[in-house]
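Here is what each chain is made of, one letter per residue.
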Amino acid sequence: MRIGFIGLGNMGRHMARHLIHAGHLVTVYDTRPEAGVEHLALGAHWADSPAECARNAELLITMLPNPRVVEDVLLRGGAAGALPQGALWIDMSTSTPAAADRVAAEVLDARGVRRLDAPVSGMARGADAGMLQIFVGGADDDFRIALPVFEAMGDPDRILHVGPLGAGYTVKLMINLLWFSHLVASAEVLAMGVKAGVDLGVLRSSLLASPAASHFLENDILCVLADGDYDDSFAMALACKDLGLAVDLGRDLGVATELSALVEQIYRRSKAQHGELSGEMSPVRLYESLAGREFRLPNPAAALDDAALTV
Ligand code: NAD
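Here the structure is a predicted model, which is why all the values come from computation and not from measurement.

A. Up close: the domain arrangement of the protein. According to the domain assignment, the protein consists of domain 1 (2-164) and domain 2 (171-308). For domain 1 and domain 2, the distance between their C-alpha centroids amounts to 30 Å. The interface is formed by 14 residues belonging to domain 1 together with 13 residues belonging to domain 2. Buried area between domain 1 and domain 2, both sides added, is near 1000 Å², and the carbon and sulfur share of it is 70%. Sorting the residues of domain 1 by area buried against domain 2 places T94, M123 and F135 first, and these three jointly supply 41% of that buried surface. Counting across the interface, domain 1 meets domain 2 through five residue pairs in polar contact (both at pLDDT 80 or more). If you list the elements that add at least two residues to the side of domain 1 that touches domain 2, you get β7 (120-121) and α7 (123-129). For the side of domain 1 that touches domain 2, the per-class residue count stands at eight nonpolar, six polar and no charged.

B. Spotlight on the site of the ligand. Around the ligand sit 26 residues in total, of which M11, D30, R32, L64 and K241 are the nearest. A distance of 3.3 Å is found between an oxygen atom of the ligand and a backbone nitrogen or oxygen belonging to P65. Within the side chain of K241, one N or O atom sits 2.9 Å away from an oxygen atom of the ligand. Burial of the ligand by the protein amounts to 87% of the accessible area it has alone, namely 840 Å². Secondary-structure elements contributing two or more residues to the shell around the ligand are α4 (67-76), α7 and α13 (236-253). For the shell around the ligand, the element with the highest residue contribution is α13, accounting for three residues. By residue class, the composition of the shell around the ligand is 14 nonpolar, seven polar and five charged. When we break the shell around the ligand down by domain, the ones giving at least three residues each are domain 1 (2-164) and domain 2 (171-308).

C. Seen up close, the pairing of strand β8 (residues 132-137). Among the six residues of β8, five are classified as buried, and the element is accordingly described as predominantly covered. Taken together, the two bridges between β7 and β8 define a ladder with antiparallel strand orientation. The residue bridging V120 from the neighbouring strand is I134, located in β8. Here β8 runs beside strand β9 (residues 154-163); their pairing, made up of five bridges, is parallel. Of the residues in β9, the one forming a bridge with L132 is G154. Once you follow β8 into helix α8 (residues 140-153) and on to β9, the crossover reads as right-handed.

D. Focus on unusual backbone geometry. One non-glycine residue with positive phi stands out, namely N56, at about 75°. With respect to the element layout, N56 can be found in the loop between α3 (50-54) and β4 (59-62). The class for N56 is exposed, based on a relative accessible area of 54%. Its identity is not glycine, yet M123 carries a phi of approximately 65°, on the positive side. Residue placement: M123 occurs in helix α7. Take M123: its relative accessible area is 23%, and that puts it in the partly exposed class.

Quick notes on the rules
- Residues numbered from 1 in each chain as written.
- Predicted model: local features only at pLDDT ≥ 70, side-chain atom pairs only at ≥ 80, totals over all residues.
- Heavy atoms only, no water.
- Domains from an automatic or database assignment.
- Contact = heavy atoms within 4.5 Å.
- Buried area = accessible area lost by both parts, 1.4 Å probe.
- Polar contact = N/O pair within 3.5 Å; in protein donor to acceptor, adjacent residues only side chain to side chain.
- Helix = DSSP H or I, 4+ residues; strand = E, 2+ residues; numbered from the N terminus.
- Nonpolar A, V, L, I, M, F, W, Y, C, P; charged D, E, K, R; others polar.
- Near = heavy atom within 4 Å.
- Areas by Shrake-Rupley, 256 points an atom, 1.4 Å probe, with all protein chains shown as cover.
- Buried < 20%, exposed > 50% of the residue type's maximum accessible area, 1.4 Å probe, protein only.
- Pairing = 2+ DSSP bridges.
- Right-handed = clockwise from strand over helix to strand, strands pointing away.

This is the structure:
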């Protein structure tokens, strides 16, 4: 298939590479030309603009930071207007239905270009491994056409068609909102428990053996507890963007989101303190400060073994 791919960052660079390896004819574009060097070495073509990337593509994939950039690339960058009739645009960015709807209303619908929203989970290491979880919104026929392409980038068992256009964006925002909420709640509990004098490892094991156990406490927080790694591969700027989009969605829907708004504020405080490029786990550091110590397990190998057994 002739595929245009725009956005070769922490996630997109791996996804585009898998498409090349799967035998597709891939043309790539990013505002940072150096981001495409590895793809050109594998046989991809370079485009000098979003419009050039879209021209002649049967399928255009975007993996961009936020809805504003998605709209900018598709409309002002000319990608939408350059797509041939009958092409399919798949936005895999964590974005909003409103941005994609504007692109469709202004250009795509009149040109007979179809679209899917297909945001992902799985972090940069899932993208690297070609094992992303993908949440797809759109028509059945378009999902079927795109499935082999998704399978080149994702875990075939976790490519989910979650509903009509927009449903993929919504599911992804809800996943991130709940995950960030898990992070804040877990860090607050650990801070209190260890400050009260309970051993960190004992506290975590006790929580895991109780009804308060969570996937986050069992697996995801281990990079902090074992290695002091706050996951720079997902920047706080993007985490705050996702939380802002989720809270905005609640406002648009008229759903009260007291807890989500508070989690967003805590993330924004951490971003101000630790920097835009700091990792998505950085809010844990706010609670480490309150506890007066870093959260580190003395025997991380044992904790990792335990986690591996339960995944
Ligand atoms: P990133 O910031 O690493 O990459 C974004 C890329 O887009 C960069 O290479 C940048 O140069 C490029 N770009 C920016 N503006 C552009 C423009 N106008 N035209 C062309 N290229 C442009 O971001 P990422 O971590 O790869 O995330 C991409 C998307 O995936 C985001 O929506 C993010 O929320 C989502 N996401 C990220 C992760 C993760 O773990 N990093 C996980 C799931 C979903």
